[in-house]
Amino acid sequence: MNTELMIREEKMNTVMNLHAAIIQPLEKLAQYYGSVLGRKLNVKQTLHLLNAQAAFLMTVFPDCAVPVKALCLTWFVAAVLKCREKL
């Protein structure tokens, strides 16, 4: 029983450390974006901005077939509309 509790605690610590390792850079990026935009942003808003940036890059830069370009353009438009809604 005691060993089982120790294993659960170790797993929980690992999950918490992983969460902190992912969230910390996103919080710093949110601070940067906030300073650029002149307002405070949270992590979720930052993820919406990153999604729009990724969609833009996939729309503009890859050399691929027209249907794939159309799909990327659709993704970009949806991401920008979502940013406007959430910001």
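Residues numbered from 1 in each chain as written. Predicted model: local features only at pLDDT ≥ 70, side-chain atom pairs only at ≥ 80, totals over all residues. Heavy atoms only, no water.

Colleague: An account of the overall build of the protein chain is needed here, citing residue identities and associated values.
Modeller: Each helix and strand counted, the protein chain has 3 helices and 0 strands in total. Beginning at the N terminus, the succession of helices and strands in the protein chain can be written as α-α-α. Computed over its C-alpha atoms, the radius of gyration of the protein chain comes to 19 Å, more than 25% above the 12 Å expected for a compact globule of 87 residues. The principal-axis extent of the C-alpha atoms belonging to the protein chain is close to 60 × 35 × 20 Å. Expressed as a percentage of its 87 residues, the buried residues of the protein chain come to 18%. Considering only contacts within the protein chain whose residues lie at least 6 apart along the sequence, 33% involve residues at least 24 apart. Within the structure as shown, the protein chain displays about 7000 Å² of accessible surface, and the carbon and sulfur contribution to it stands at 66%. Computed over 10 positive and 6 negative side-chain charges, the separation of the two mean positions in the protein chain equals 13 Å. (Helix = DSSP H or I, 4+ residues; strand = E, 2+ residues; numbered from the N terminus. Rg over C-alpha atoms; globule rule 2.2 N^0.38 Å. Buried < 20%, exposed > 50% of the residue type's maximum accessible area, 1.4 Å probe, protein only. Contact = heavy atoms within 4.5 Å. Areas by Shrake-Rupley, 256 points an atom, 1.4 Å probe, with all protein chains shown as cover. Lys, Arg positive; Asp, Glu negative; His and termini not counted. Charge placed at Lys NZ, Arg CZ, Asp CG, Glu CD.)

Colleague: Account for helix 3 (residues 66-86), naming residues and giving values.
Modeller: Counted at 1.5 Å a residue, the expected span for helix 3 with its 21 residues is 30 Å, and the 30 Å between its end C-alpha atoms agrees. Of the positions making up helix 3, those classed as buried are C72, A79 and C83. Angularly, the buried residues of helix 3 cover 40° about the axis, an arc narrow enough to put them on a single face. Exposed residues pointing more than 90 degrees away from the buried face of helix 3 are listed as V66, P67, L71, T74, L81, R84 and E85. (Expected span 1.5 Å × (residues − 1). Arc of directions from axis to C-beta.)

Colleague: Tell me what's going on with the packing of aromatic side chains, and back it up with residues and numbers.
Modeller: One pass over the full model with this rule turns up 2 aromatic pairs. Here the aromatic rings of Y32 and Y33 are separated by 5.9 Å at their centres, their planes lie at 45°, and the arrangement is tilted. The class for Y33 is buried, based on a relative accessible area of 11%. Here F56 and F76 contribute two aromatic rings whose centre-to-centre distance is 5.7 Å and whose plane-to-plane angle is 55°, an arrangement assigned as tilted. In this pair, F56 sits in helix 2 (residues 43-60) while F76 sits in helix 3, placing the two residues 20 residues apart along the sequence. Take F56: its relative accessible area is 39%, and that puts it in the partly exposed class. On the basis of relative accessibility, which here comes to 23%, the residue F76 falls in the partly exposed class. (Phe/Tyr/Trp six-rings, centres within 6.5 Å; stacked < 30°, edge-to-face > 60°.)

Colleague: Could you give an account of the environment of V43, with specific residues and numbers?
Modeller: Relative to the helices and strands, V43 resides in helix 2. Put simply, V43 and E10 are 33 residues apart on the chain and 27 Å apart in space, counted from C-alpha to C-alpha. Those residues in contact with V43 that lie beyond four places of it in its chain are I23, L26 and E27.

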